[in-house]
Amino acid sequence: GQSLEQPSEVTAVEGAIVQINCTYQTSGFYGLSWYQQHDGGAPTFLSYNALDGLEETGRFSSFLSRSDSYGYLLLQELQMKDSASYFCAVRAFSSGSARQLTFGSGTQLTVLP
Amino acid sequence: DGGITQSPKYLFRKEGQNVTLSCEQNLNHDAMYWYRQDPGQGLRLIYYSQIVNDFQKGDIAEGYSVSREKKESFPLTVTSAQKNPTAFYLCASRDPHTDTQYFGPGTRLTVL
């Protein structure tokens, strides 16, 4: 099976930097995705890492270490609108060639003024 | 505008009734997915479909059924056999070029 662990809550102030970690155990690993979900809304795609290293997209960066089964999402220059839940999700091969996402339980980020 | 639509946004049902949730996409994606989300939890896969007229059970398929008669449509039926159906249901489709799943706005189902 597959399992992911991420912290349940993180709190930071506006303008700060926060890192949300994700460790995973899986077979057929393909890559690690990150999604943001505001209360009552749909998850929106943030980033994807298939190879080791850092991917940067504006204020958000994501890192992957395949050998450590570990990744993180880095949010810089935090804004109030960044308050949301952040999910890591493993892309893995399941039966046949089916590629599926398995989600962590999510990290609730609260940004304080 | 391309996207995924789900209807209705809110749905109330009495115990013992079947209910069907709609999911439509005009992104020309082959693969579509249904997830369930409970409060404070991640998403769990119910069913997925790689192509028209084909679908596979996910991790929590019991009490649910799907069909995929058209590429654009992947409706989910929550049957009376589902013991705990109150949840937020999300439909997604996968972009084959980037291998990324994109989600619809969701349907919040409440069983009274």
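Structure: above.
For clarity, every value in this text was computed on a predicted model and none was experimentally measured.

## So, the state of the cysteines
Residues and elements named next belong to chain A. Per the stated rule, a full pass over the model turns up two disulfides over all chains. Covalent S-S linkage joins C22 and C88, the inter-sulfur distance amounting to 2.1 Å. A torsion of 75° about the S-S bond marks the disulfide between C22 and C88 as right-handed. Here C88 lies in strand β9 (residues 84-93) and C22 lies in strand β3 (residues 18-25), a separation of 66 residues in the sequence.

## Considerations on the sheet that holds β3 of chain A
Sheet strands associate in pairs through backbone hydrogen bonding, adopting either a parallel or an antiparallel arrangement. All names here are of chain A. Sheet architecture is open: five strands sit in the order β1-β3-β8-β7-β6, paired in antiparallel fashion. The open sheet has two free edges, formed respectively by β1 (3-5) and β6 (53-57), since each of these has just one partner strand. Across this sheet, the average inter-strand angle for adjacent strands is 20°, counted without regard to direction. As paired elements, β3 and strand β8 (residues 70-75) share six bridges and run antiparallel to each other. Within the sheet, the bridge partner assigned to N21 lies in β8 and is Y72.

## Quick look at a nonpolar patch on the surface
Together, Y10, F12 and L112 of chain B give the surface a local cluster of nonpolar side chains, amounting to about 390 Å² of exposed area. Structurally, Y10 of chain B is set in strand β2 (residues 10-13).

## Details of the environment of E15 of chain B
All names here are of chain B. Along the polypeptide, E15 turns up in the loop between β2 and β3 (19-25). Accessibility expressed as a relative area gives 66% for E15, which makes it exposed. Ignoring sequence-local partners within four residues, the contact set of E15 consists of V111 and L112.

## Some words on the layout of surface pockets
The volume enclosed by the largest pocket comes to roughly 370 Å³. Looking at the lining of the largest pocket residue by residue, the class counts come to four nonpolar, 13 polar and three charged.

## A few points about the pattern of salt bridges
Residue and element names in this part refer to chain B. Counting across every chain of the model gives six salt bridges over all chains. Note that R94 is salt-bridged to D99, the shortest N-O span being 3.0 Å. Side by side, R94 and D99 carry an identical accessibility label, which is buried.

## Quick word on the nonpolar core
All names here are of chain A. Counting 23 residues, the largest nonpolar core has L32, W34, L75, Y86 and L109 as its most contacted members. Taken together, the elements giving at least two residues each to this core come down to β2 (9-13), β3, β4 (29-37), β7 (60-65), β8, β9 and β11 (107-112). A per-element tally of this core places β9 first, with five residues. Excluding residues that lie within four positions of it along the chain, L75 makes contacts with A16, I17, V18, I20, R59, F60, Y86 and L109.

## Notes on the interface of chain A and chain B
Taken together, the 19 residues of chain A in the interface contact 22 residues of chain B. Between chain A and chain B, a total of about 1,600 Å² is buried, with carbon and sulfur atoms accounting for 47% of that surface. Summed over the shared surface of chain A and chain B, the number is one salt bridge. In this structure, R91 of chain A and D99 of chain B form a salt bridge, with 3.4 Å as the shortest nitrogen-oxygen distance. For the pair chain A and chain B, the interface holds five residue pairs in polar contact (both at pLDDT 80 or more).

Criteria and thresholds
Residues numbered from 1 in each chain as written. Chains lettered and ligands numbered in written order. Predicted model: local features only at pLDDT ≥ 70, side-chain atom pairs only at ≥ 80, totals over all residues. Heavy atoms only, no water. Disulfide = S-S within 2.5 Å. Helix = DSSP H or I, 4+ residues; strand = E, 2+ residues; numbered from the N terminus. Pairing = 2+ DSSP bridges. Axes fitted to C-alpha atoms, helices over the stretch in contact; angles between N-to-C directions. Patch = residues over 30% accessible without salt bridge, like charges linked within 9 Å, V, L, I, M, F, W, Y side chains within 5 Å. Areas by Shrake-Rupley, 256 points an atom, 1.4 Å probe, with all protein chains shown as cover. Salt bridge = Lys/Arg side-chain N within 4 Å of Asp/Glu carboxyl O. Buried < 20%, exposed > 50% of the residue type's maximum accessible area, 1.4 Å probe, protein only. Contact = heavy atoms within 4.5 Å. 1 Å grid on protein atoms, 1.4 Å probe; cavity = no way out; pocket = protein on both sides within 12 Å on 5 of 7 lines; lining within 4 Å. Points joined across faces, edges and corners; volume = space filled by probe spheres on them. Nonpolar A, V, L, I, M, F, W, Y, C, P; charged D, E, K, R; others polar. Core = buried A, V, L, I, M, F, W, Y, C linked by side-chain atoms within 4.5 Å. Buried area = accessible area lost by both parts, 1.4 Å probe. Polar contact = N/O pair within 3.5 Å; in protein donor to acceptor, adjacent residues only side chain to side chain.

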